[in-house]
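Close look at the chain arrangement
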Amino acid sequence: MKGTVVVACSQMRPEFGATEQNLNRISRITEETKADLIVFPELATSGYEFRDRSELGELALDLIDGAEMDRLKSLARDADTHIVAGLPERFGDKLFNSAVLVEPSGRTTVYRKLQLFDREKQLFDPGEEEPPVVDTSVGRLGLMICFDWIFPEVARLLALGGAQVICHPSNLVLDYCQRAMFARSVENGVFTVTCNRVGSESRLDRTMTFTGASQILSNRGQTLAQASTDREEIITARINPTDADDKMITATNHVLDDRRQEFYIRLTV
Ligand code: ACM
């Protein structure tokens, strides 16, 4: 594994429904950004405010064999980087709010959002598998999506699975998430890369405004980079993912081993 790696977060404003155009932008940004890992927002090829499930179905992608995945694989290979992006997924008759990790080798990993936010429950099927941790040449990467942040169990599962860096594609609308991610970083001793989007969508009888402020936090909760609340921009940080293997908070406190699990049994019933 590389020692120091450059992680990037591409805060952007996807154009609703313009899959090709959004993919072109993802390609250009990936080619131009010198990073070992680049994270894009949730639903980066489609935008957020689907009128209904049928519109979502039209914009959802085949993340197993689809042409868009072939394109992301070529991109990761040619730019020699790891790409994480949130994408709408069609799988049989199911529709998921997913994130993919695409490695330069061509290996891909899909995570399907477990915790659907508000109206997403009418559109998407909830994920059916644990969030993955993938051992890559730039560290052990964990995947979660946006609203998963409010369930500390998700980040904890990733940390227990060995994640050093949590990649967190987002379309955040509640402005306290970014602060809450400080807790996800320190309580698990992991780096977190929250890649949010900016802009608004008014396709229904409401306006959704996304809060930007994408951030890269260290395993000790330090802000290594933070974006504005309203502009498209790329932020980067140079990190050593193995720093996240040190789980000692004091000389005698290990953030995972000190858990008193015998008293937490009700958490799982
Ligand atoms: C969200 O989960 N997109 C808020």
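This text follows the structure it describes.
Here the structure is a predicted model, which is why all the values come from computation and not from measurement.

1. Thoughts on the nonpolar core
In this structure, V7, L37, M144, W149, V165, C167 and I216 are the most contacted members of the largest nonpolar core, which totals 55 residues. The element that contributes the greatest number of residues to this core is helix α5 (residues 152-160), accounting for 4 residues. Of all hydrophobic cores here, the second largest spans 21 residues; its members include L61, L63, L87 and V102.

2. Re empty space enclosed by the protein
According to the stated counting rule, one finds 2 cavities of 30 Å³ or more in the structure shown. The space that makes up the largest cavity amounts to roughly 80 Å³. Lining the largest cavity are 13 residues, and of these F117, C146, N171, L172 and V173 lie nearest its centre. In the lining of the largest cavity, the residues fall into 9 nonpolar, 1 polar and 3 charged. One number sums up the size of the second largest cavity: a volume of about 40 Å³. Y48, E49, R119, E120, L123, F124 and R206 together form the lining of the second largest cavity. Taken together, the residues that form the lining of the second largest cavity break down as 3 nonpolar, no polar and 4 charged.

Conventions we followed
- Residues numbered from 1 in each chain as written.
- Predicted model: local features only at pLDDT ≥ 70, side-chain atom pairs only at ≥ 80, totals over all residues.
- Heavy atoms only, no water.
- Core = buried A, V, L, I, M, F, W, Y, C linked by side-chain atoms within 4.5 Å.
- Buried < 20%, exposed > 50% of the residue type's maximum accessible area, 1.4 Å probe, protein only.
- Helix = DSSP H or I, 4+ residues; strand = E, 2+ residues; numbered from the N terminus.
- 1 Å grid on protein atoms, 1.4 Å probe; cavity = no way out; pocket = protein on both sides within 12 Å on 5 of 7 lines; lining within 4 Å.
- Points joined across faces, edges and corners; volume = space filled by probe spheres on them.
- Nonpolar A, V, L, I, M, F, W, Y, C, P; charged D, E, K, R; others polar.

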